[in-house]
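So you can see what is in the structure, the chains are spelled out below.
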Amino acid sequence: MNEPAEKGQLVGRSVARREDPRLLTGRGRFVDDIALPGMLHAQFVRSTVAHGEITSVDLSAVRDVPGVVAAFTAEELEMADITAQLGRPLSEFVPTAMPVLARDRVRYVGEPIAIVVARDPYAVEDGLEAAKVAYTVLPPVTSEEQALAPGAPLVHEEAAHNTLVDVSLFATDGIDEIFGSAACVVHVESRTGRQNALPLETRGVVAHWDDRDEQLVLQTCTQVPHQVRTVASRCLRLDERAVRVVVPDMGGGFGQKCVVGREEIAAAAAALRLRRPVKWIEDRKDALSASFLAREQHYDVRAAFDAEGRILGLDAEVVCDMGAYSCYPFTAGIEPLMASAEMPGVYKVPAYRVRGRAVTTNKAPTAPYRGVSRPQYVMVVERLFERAARELGLAAVEIRRRNVITEFPYTGVNGITYDPGSYLESLNLCERLVTDEGWYEMQSAAAAEGRHIGIGYSCFSERTGYGSAAFAQRKMRVVPGFDISEVRMDTSGAVTVTTGTMSHGQSHETTMAQIVADELGLSLCKVRLHQGDTERITYGWGTFASRSITVGGSAVRLAAAKLGEKLCRIAAARWEAMPQDVQLAGGGARHHDGRVLTYEELADVAYLQAHLLPKDIEPGLSATATFDVFNDGTFSNATHGVVVELHEGTGQVEILRYVCVEDCGVAINPQVVEGQCRGGIAQGIAGALFEQVTYDAQGEPSATSFMDYKVPTAHEIPDVLIHHLETPCAFTETGAKGAGEGGTIGAPAAVLNAVNDALRPTGVELDHTPITPETVHRALNLELSS
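Residues numbered from 1 in each chain as written. Predicted model: local features only at pLDDT ≥ 70, side-chain atom pairs only at ≥ 80, totals over all residues. Heavy atoms only, no water.

A. Inspection of the sheet that holds strand β28 (residues 635-646) at higher detail. In space, the four strands of this open sheet follow the order β20-β28-β29-β30, with mixed pairing throughout. Whereas interior strands pair on both sides, the edge strands pair on one side only; in this sheet they are β20 (452-463) and β30 (720-725). Here the strands of the sheet are splayed against their neighbours by 15 degrees on average, with no regard to which way each runs. Where β28 and strand β29 (residues 653-663) come together, 10 bridges link them in antiparallel fashion. Its bridge partner being in β29, alanine 638 is matched across the sheet by glutamate 662. Relative to β28, helix α13 (residues 423-436) is tilted by about 25 degrees, and along the sheet it contacts β20, β28, β29 and β30. Sheet strands touched by helix α20 (residues 742-758): β20, β28 and β29. Its angle to β20, the strand with the most contacts, is close to 150 degrees. (Pairing = 2+ DSSP bridges. Helix = DSSP H or I, 4+ residues; strand = E, 2+ residues; numbered from the N terminus. Axes fitted to C-alpha atoms, helices over the stretch in contact; angles between N-to-C directions. Contact = heavy atoms within 4.5 Å.)

What follows is the structure, given as structure tokens:
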């Protein structure tokens, strides 16, 4: 797209990703590519026990190791703690401080205790081996059941019953009577495995002190650069102006990097003390075992239905194992509050009661991971509908048809107002696509041959337009939401746009440029995006919760529109015409009588010939805009359909077909949306069938390499048929809704339902994930032996 575009021609087109030539030819620049003069390398002395009091830390031998420059404990670096807060009473939320380096006590295997800095990565490893830490070992808490058991050891003395969050958000009057008189009551108890978000690039930072600017500069891979700046300045007791965070290219994040970690702060403290650059790159062992994890949740949910299959109520208990600490800024409330607030989803649930709890255990802390509780509660709700359909003699899709929201706007029992979506349309189309491909006939034929083929669906929504109001409802002390963008044109007519969001693979350099070029009638090659630099970007909340296009893209479009208005005013003044008679297209301003001023000519006036400007127009060409969502946000939706075959001899689950019908409003770049769908589905399948971090009785993690942590390959991930519906959003400036998390949300439920459909002859039903080959093998052999 090097030719000037007409306004309105770029949004909605699958233009090639502008990032790809750089990244695919090895010209990307990641944290580990950074080398500064005199740079040192850091790693951490980490706890070898899950729970214990630190009785001594001896680093004297470490400092004698050749190549080691320094080694520091928490006391020597004197850093303030990281404490995430909710504005809730202590009966609902208990704040817990997370020291940057452990001081008196360790609470999980892998917790950082001291930092070792050396001239090269090999010397730093030798230094780690020389460290001596003595503990008084305490009994570890390694499961939710242990945490909540009477008399259990306390992970934090201030958190009674090891409970960090205990909130009952909703309780409809008379719900017990509703369940007592219902024609059908079904129950699902489900557990989901602990997972690692597993970005291709592990966490890392290069920190150095800039004498000229009097700034501590952190080049790090984070989704939230401004939050890292805030926490670093507070922990190190610096003015925020004295900290600059820069994010180079980033190889994935998926939520693991949308919280502030301890290691980058400690590395920055070491750089500040030594006045030399310090690099820390997380190795894969630490990334698998000691980084932020996610997902381990327990649901105990009942649903009441009438005789026609219409849902009457949901009654839920949610317990999330959040590990040893609350993450900053979201706190341990991120998962139970998400599940509690949004569980009714796409269905017309008239009565609802829920209790959500976050418990603390001696495991690595958790952070948001793509979907944040929605893959789990969607899976549970979809299992309830499957179970009710069987008991009422209804088809699995039919019971959903009778219950999905069809009239909008719809205000649910959870107090959330849902904007227009295509819930029923996506469900119907997904079933038709599966039917038209002949999978039901193939299932029947396979059954006659003794093969086990199952078909499963999941129908769900994804809240994507999280603005300040939505986060404020959680009573967060740090309230994300808005975004700020500046669009600036130079004298050559080229445009620079800033965004407070942060790309870690979502194609922001392409999609944000499409929005600006579309608004101004520019070619894409004339637009350049700046992101991930706290010195260049006024402020931003980063990228998470599918907010980049909904919130960040809206701010970008508003800023581009403001700049466009100024360009029209300058052109109109030069022509002695009215601004409304000017249009922007083809790389310039056009009057309806045929006169044209190129952007270069207009920029010359704005910058180099400002005396020609009317007094009411300021020199220069820049505009800044903010955007926030002040209602309940917007909801993308989708239906996933999955066909699986279970293999008797091995218990393997083979996915034969995957169909996704999604609606994310206006797709800025459909190719990018499809990439998001496919990637999300792959991670959802991983959670359904493969990935799990487990711990032994002493709190030692089992999955510390890819030999133990089972990650699906291209062989296990099927081709995905994606069909787009489009319900434009009224609450965003582009009509777009988010698309980042939907694939992950829908996949576990659809896969689990398909497996249970294949297992139907056995009478066995599975409600936990991951679904292991051993579990499937036992279920199939139960049928064979009966």
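B. Region of interest: the pairing of β28. Among the 12 residues that make up β28, 12 are buried, leaving the element largely enclosed by the rest of the structure. Judged by which residues are buried, β28 turns out to be covered on both faces: Phe635, Asn637, Thr639, Gly641, Val643 and Glu645 on one side and Ser636, Ala638, His640, Val642, Val644 and Leu646 on the other are all buried. Joining the antiparallel neighbours β28 and β29 is a turn of six residues, in which glycine 651 adopts a positive phi near 75 degrees. (Buried < 20%, exposed > 50% of the residue type's maximum accessible area, 1.4 Å probe, protein only.)

C. Local environment of unusual backbone geometry. Along the chain, tyrosine 328 connects to proline 329 via a cis peptide bond; the corresponding omega equals 5 degrees. Summarising the element assignment, proline 329 is placed in the loop between β16 (311-321) and α10 (334-342). That bond from phenylalanine 408 to proline 409 is cis: its omega, -10 degrees, falls within 30 degrees of zero. Of note, proline 409 is situated in the loop between α12 (396-401) and β18 (410-411). Its identity as a non-glycine residue notwithstanding, histidine 161 has a phi of 60 degrees, on the positive side. Along the chain, the position of histidine 161 falls in the loop between α5 (144-148) and β9 (163-171).

Shape is all these values report; function is a separate question.
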